[in-house]
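# Descriptive analysis of the structure
Single-letter residue listing:
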Amino acid sequence: MKICLASSELAPLAKTGGLADVVASLSSFLDGKGHDIRVLLPLYSSIETSAMDITPVRFMQDLAMQMGPHRVRYSIDTARLPGGTLTIYLLRCPELYNRPGIYTSDWDEHLRFILLSRAAIEMCQNMGFAPDIFHCHDWHTSLVPMYLKTRYAWDRLFENTRSVLTIHNIGYQGIFSANILDDVGIQDQVDRLHQEDLGKGMINFLKTGLLYADVLTTVSPNYAHEIRGAEYGMGLQEILQQRGDTLVGILNGVDYREWNPADDPLIPHPYDSRRLAGKKKNKLALMQELGLDCSDDMPLIGMVTRLTGQKGIDLVQQLVPAMMGHRRFAMAVLGSGESRYEQFFQWLQNHYRDRVCFYRGFSNRLAHWVEAGSDMFLMPSLFEPCGLNQMYSLRYGTVPIVRRTGGLADSVQLFDPHSGQGTGIVFNDYNVPALGWALNYAFDLYQDKSTWRKLVRNGMAMDFSWERQGQVYIDLFRHITR
Ligand code: GLC
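The sections below set out a description of the structure shown in this document.

Parameters at a glance
- Residues numbered from 1 in each chain as written.
- Predicted model: local features only at pLDDT ≥ 70, side-chain atom pairs only at ≥ 80, totals over all residues.
- Heavy atoms only, no water.
- Helix = DSSP H or I, 4+ residues; strand = E, 2+ residues; numbered from the N terminus.
- Rg over C-alpha atoms; globule rule 2.2 N^0.38 Å.
- Buried < 20%, exposed > 50% of the residue type's maximum accessible area, 1.4 Å probe, protein only.
- Contact = heavy atoms within 4.5 Å.
- Areas by Shrake-Rupley, 256 points an atom, 1.4 Å probe, with all protein chains shown as cover.
- Lys, Arg positive; Asp, Glu negative; His and termini not counted.
- Charge placed at Lys NZ, Arg CZ, Asp CG, Glu CD.
- Salt bridge = Lys/Arg side-chain N within 4 Å of Asp/Glu carboxyl O.
- 1 Å grid on protein atoms, 1.4 Å probe; cavity = no way out; pocket = protein on both sides within 12 Å on 5 of 7 lines; lining within 4 Å.
- Points joined across faces, edges and corners; volume = space filled by probe spheres on them.
- Nonpolar A, V, L, I, M, F, W, Y, C, P; charged D, E, K, R; others polar.

Helix and strand counts for the chain stand at 19 helices and 18 strands. Relative to the 2.2 N^0.38 estimate, which gives 23 Å for 482 residues, the radius of gyration of the chain is 23 Å and therefore close to what a compact globule would have. Dimensions of the chain, computed from the C-alpha atoms along their principal axes, are close to 70 × 45 × 45 Å. Looking at the chain as a whole, 60% of its 482 residues qualify as buried. Here the contacts in the chain between residues at least 6 apart in sequence split such that 72% fall between residues at least 24 apart. Surface summary for the chain: the accessible area is close to 19,000 Å², and the carbon and sulfur share equals 48%. Placing the 47 positive and 52 negative side-chain charges of the chain at their respective mean positions leaves the two points 4 Å apart.

For the rest of this paragraph, the subject is the pattern of salt bridges. Scanning the entire structure with this criterion turns up 25 salt bridges. In this structure, Glu196 and Lys200 form a salt bridge, with 3.7 Å as the shortest nitrogen-oxygen distance. In this structure Lys200 comes out as exposed when scored by relative accessible area, which is 57%. With a shortest N-O distance of 3.9 Å, Arg340 and Asp314 are connected by a salt bridge.

All told, the structure shown has two cavities of 30 Å³ or more when counted by the stated rule. Among the elements of the structure, α6 (195-199), β10 (202-204) and α7 (205-212) are those that each provide at least two residues to the lining of the largest cavity. The element that contributes the greatest number of residues to the lining of the largest cavity is β10, accounting for three residues. Residues belonging to the lining of the largest cavity are distributed by class as follows: four nonpolar, three polar and two charged. When its volume is computed, the second largest cavity comes out at roughly 40 Å³. Lining the second largest cavity are Leu290, Ala332, Val333, Leu334, Cys357, Tyr359, Leu366 and Val370. Of all the elements in the fold, those that place two or more residues in the lining of the second largest cavity are β14 (330-337), β15 (356-360) and α14 (364-373).

Spelled out as structure tokens, the structure:
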């Protein structure tokens, strides 16, 4: 199949979260299966290009894009995705992408992603590439399905193209004032936009995608179910109900070439489920590195996360300080985000120097090491479309403690000591007593070494590889292009 993917993030070049990992590993998987994949990513100035061999595509240099009154010039280059064999396309437009971060709150944020969406379509035109599937991800590229049915509908090249929109996070919708209407550039077809929103003076990019994509997917079956309701739908539940027959949940896969404790160059001691001694060594080395109290009878909880409301940090904030007083455990936290949460972890570290380490920011090496060295991994999310770290944790024998929501519910089963079944600790309600129950249960189980080992091994035996999950996408793509 011929597949065009457009995304605002792609690991390892441009990443704020799991979106980057998923788009990179899914496209590499599809490429590996012999499909013809064209991925387009903005060439942000934050991308480290010194070690990359970037070649301008001769016939796609210095092109013009008119977006309402705004005219920008852009070029398309090509390069190998570092760490893999996939060839990718980079959208070079310094005027829009030379900014401190991937996302901004600048006045022209909409132009940055309208350009990405339209440039992806025009790239296909310039290459004479007729995609069977146009795969869009989150709000940044979710105008593509609408463009294919309006502005570019004249082009026979897209006659058989089916658009797929994958929702990685419905919490971000790309909502702009209707003042940008001209910039969207569908001229006399504005009646194709959501009229009620326009009446209220806004344009919602994700919602537009939900209306026009031929198929909608999200990153876990349970989240596909949850977002049809008011609690998780973030205002889009009605449209999702209407389009219910085209909404499917496909659990994300894990790239086990990158996340394999037996062969991970980023951790000091390799191990697997038969040789767990290496895991203990990683823990002690990690605690030493982070300046934590080194003892094995004290469980170490890891967290690697964006520090946003979604991730359930409020619960941690309300519970952990008190719990520190009466239970023995240590924490290694890696993340950045909202300053109130950063300040909280900073405060916690200052109060419990030998038991809490907070690393503000992101380090891939440390992320791997925290997965390898921790005994437990905490994800008390308010909502979680899929979540990847709990799946990494399972493979690393690090028991996930998660809330039963989104993809966490699909990938972790509550451990039952009597039957010996289950892979982690799962709690239901988003409140402090529920999280308290989960942590206490985990700490108690941890004291019983043989039971704990059973739980660890159950998790390590799980398989969330792309080999499986990617096949589900291929089957879906085949089905809708037939
Ligand atoms: C977003 C979601 C996360 C998901 C990831 C990749 O970051 O918050 O749950 O795993 O996208 O799909």
